[in-house]
Amino acid sequence: MPSPLVPDKIEDELEMTMVCHRPEGLEQLEAQTNFTKRELQVLYRGFKNECPSGAVNEETFKQIYAQFFPHGDASTYAHYLFNAFDTTQTGSVKFEDFVTALSILLRGTVHEKLRWTFNLYDINKDGYINKEEMMDIVKAIYDMMGKYTYPVLKEDTPRQHVDVFFQKMDKNKDGIVTLDEFLESCQEDDNIMRSLQLFQNVM
């Protein structure tokens, strides 16, 4: 009679399945992204160095990301970022997921970058951004930047930012921002675009 799986055994088996992940061919990734084959090889080496299994889970992703923001708490923002990278919602980010997102953020068109950003802000993936979602992301960015931002931020600054942006974006005043409203608002308002540029710098 087989013995029931013990947690350690489940962990081992999960680890084994993770270790076996191999990325798609570089030619295919080169065709799908804005990176050259050489750049992909360099990125893959770095990715494998940080994530020897070929995929990264949320906990590891948070640990890696936290290193870049020693003065703040990056864990909440890293959680949202991880979910945006994990497009298939499998709980792990493979090299393909990572490099596809990086390609959009670094070399995509304005339209592609905005679509990706919309997806990040749409936390519950219902196709809309509500004020709470926007507030959660903005607050997570402020937490991550820490208390060393200049000028020093007041406690209610994130709320004020969200109020202003949401008012501009919610064109028909129905309490949600659609992708079209988001794209239109961002492209016609320099302040919003500058804020998104700042967001890309924290990527």
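Overview of the structure. (Residues numbered from 1 in each chain as written. Predicted model: local features only at pLDDT ≥ 70, side-chain atom pairs only at ≥ 80, totals over all residues. Heavy atoms only, no water.)

1. Focus on the packing of aromatic side chains
Between two aromatic rings, the relevant description is the distance of the centres plus the angle of the planes. For clarity, the cut-off: Note on ring pairs: Phe, Tyr and Trp rings are taken, using the six-membered ring of Trp, and paired if centres are within 6.5 Å. Classes follow the plane angle, with under 30 degrees stacked, over 60 edge-to-face and the rest tilted. Helical segments are the DSSP runs of H or I of at least four residues, strand segments are the runs of E of at least two, and each set is numbered from the N terminus. To sort residues, take the accessible area from a 1.4 Å probe on protein chains only and compare it with the maximum for the residue type: under 20% means buried, over 50% means exposed, and anything in between is partly exposed.
Applying the stated criterion to the full structure yields 12 aromatic pairs. Taking the centre distance of 6.1 Å and the plane angle of 40° together, the rings of Tyr65 and Tyr77 count as tilted. Separated by 12 residues along the polypeptide, Tyr65 in helix α4 (residues 58-66) and Tyr77 in helix α5 (residues 75-85) bring together distant segments of the chain. In this structure, Tyr65 and Tyr77 share a single accessibility class: buried.

2. Structural notes on α5
Counting along an α-helix, one turn takes 3.6 residues, and residues three or four places apart therefore face a common direction. Of all 11 residues in α5, eight are buried, a share of seventy percent or more. Of the positions making up α5, those classed as buried are Tyr77, Ala78, Tyr80, Leu81, Phe82, Asn83, Ala84 and Phe85.

3. Considering the nonpolar core
This is how the line gets drawn: To define a nonpolar core, start from buried Ala, Val, Leu, Ile, Met, Phe, Trp, Tyr and Cys residues and group those joined through side-chain atoms within 4.5 Å. Residue ranges assigned to the domains are those given by an automatic or database domain assignment.
Formed by 48 residues in total, the largest nonpolar core has its most connected members in Tyr77, Leu120 and Met134. Ranked by residues supplied to this core, first place goes to helix α8 (residues 131-145) with eight residues. Lining this core are residues from two domains, each supplying at least three of them: domain 1 (24-107) and domain 2 (110-202).

4. Some remarks on the pattern of salt bridges
How we decide: Should a side-chain nitrogen of Lys or Arg be within 4 Å of a carboxyl oxygen of Asp or Glu, the pair is scored as a salt bridge.
If you walk through the whole model with that rule in mind, you get eight salt bridges. For Asp163, the salt bridge is made with Lys131, and the minimal N-O distance between the two is 3.1 Å. With Asp163 in helix α9 (residues 157-169) and Lys131 in helix α8, this pair connects stretches of sequence that are 32 residues apart. Taking relative accessible area as the criterion, Asp163 reaches 30% and is therefore assigned partly exposed. Note on Lys131: relative accessible area 28%, which makes it partly exposed. In this structure, the salt-bridge partner of Lys168 is Asp189, at a minimum N-O distance of 3.1 Å. Of the two residues, Lys168 is situated in helix α9 and Asp189 in the loop between α10 (179-188) and α11 (190-202); the sequence distance between them amounts to 21 residues. Using a relative accessible area of 16% as the deciding quantity, one classes Asp189 as buried.

5. As for empty space enclosed by the protein
Cut-off, in case you're wondering: Each cavity reported here is a set of points on a 1 Å grid over the protein atoms alone in which a 1.4 Å probe fits but cannot get out, each pocket an open set with protein on both sides within 12 Å along at least five of seven lines, and each lining residue one with an atom within 4 Å of a point. Grid points are joined across faces, edges and corners, and a volume is the space filled by probe spheres set on the points. Amino acid classes used here: Ala, Val, Leu, Ile, Met, Phe, Trp, Tyr, Cys and Pro are nonpolar; Asp, Glu, Lys and Arg are charged; the rest, including Gly, are polar.
Here the structure, examined in full by the defined rule, presents one cavity of 30 Å³ or more. Considering the residues around the largest cavity, the lining is formed by Tyr80, Asn83, Asn119, Leu120, Ile123 and Lys125. Secondary structure elements with two or more residues in the lining of the largest cavity: α5 and α7 (110-121). Residues belonging to the lining of the largest cavity are distributed by class as follows: three nonpolar, two polar and one charged.

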